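# Results of the structural survey
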Amino acid sequence: MARNHNYERYDINSTTVTSNHVVPEPLTILGAGTAVAFGISFKRKVNQSQNQSNKS
């Protein structure tokens, strides 16, 4: 499986510097944060319903 990496090249006084840092897109970060928040919320809701059924 071939990967296509986007490399940025900078020429500073005849010295070439290559940067290959991979930065996730903002939408990816937002989606991951939303998934984590949903999972935490769902887990709390399930635990509350289990605690209420155990008390009965």
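Calculation rules
Residues numbered from 1 in each chain as written. Predicted model: local features only at pLDDT ≥ 70, side-chain atom pairs only at ≥ 80, totals over all residues. Heavy atoms only, no water. Helix = DSSP H or I, 4+ residues; strand = E, 2+ residues; numbered from the N terminus. Buried < 20%, exposed > 50% of the residue type's maximum accessible area, 1.4 Å probe, protein only. Areas by Shrake-Rupley, 256 points an atom, 1.4 Å probe, with all protein chains shown as cover. Phe/Tyr/Trp six-rings, centres within 6.5 Å; stacked < 30°, edge-to-face > 60°. Expected span 1.5 Å × (residues − 1). pLDDT = per-residue confidence, 0-100.

## Focus: the overall build of the chain
Along the chain, the regular secondary structure elements total one helix and two strands. Ordered by position from N to C terminus, the α and β elements of the chain give β-β-α. Among the 56 residues that make up the chain, the fraction classed as buried is 0%. For the chain, the accessible surface area stands at approximately 5800 Å², while carbon and sulfur atoms represent 55% of it.

## Side note on the packing of aromatic side chains
This model, assessed by the stated rule, comprises one aromatic pair. Relative to F42, the ring of F38 lies with its centre 6.2 Å away and its plane at 15°, an arrangement referred to as stacked. Here F38 pairs with F42, and both are found in helix α1 (residues 26-55), just four residues apart, close to one helical turn. With relative accessibility at 59%, the residue F38 sits in the exposed group.

## Remarks on α1
Taking 1.5 Å per residue, 30 residues should reach 44 Å; α1 reaches 44 Å between its end C-alpha atoms and fits that length. Little of α1 is tucked away: zero of the 30 residues are buried.

## Re the confidence of the model for the chain
Residues at a pLDDT of 70 or more form 64% of the chain, whose mean pLDDT is 79. Averaged pLDDT values for the elements of the chain fall to 60 in strand β1 (residues 8-12) and rise to 92 in α1.

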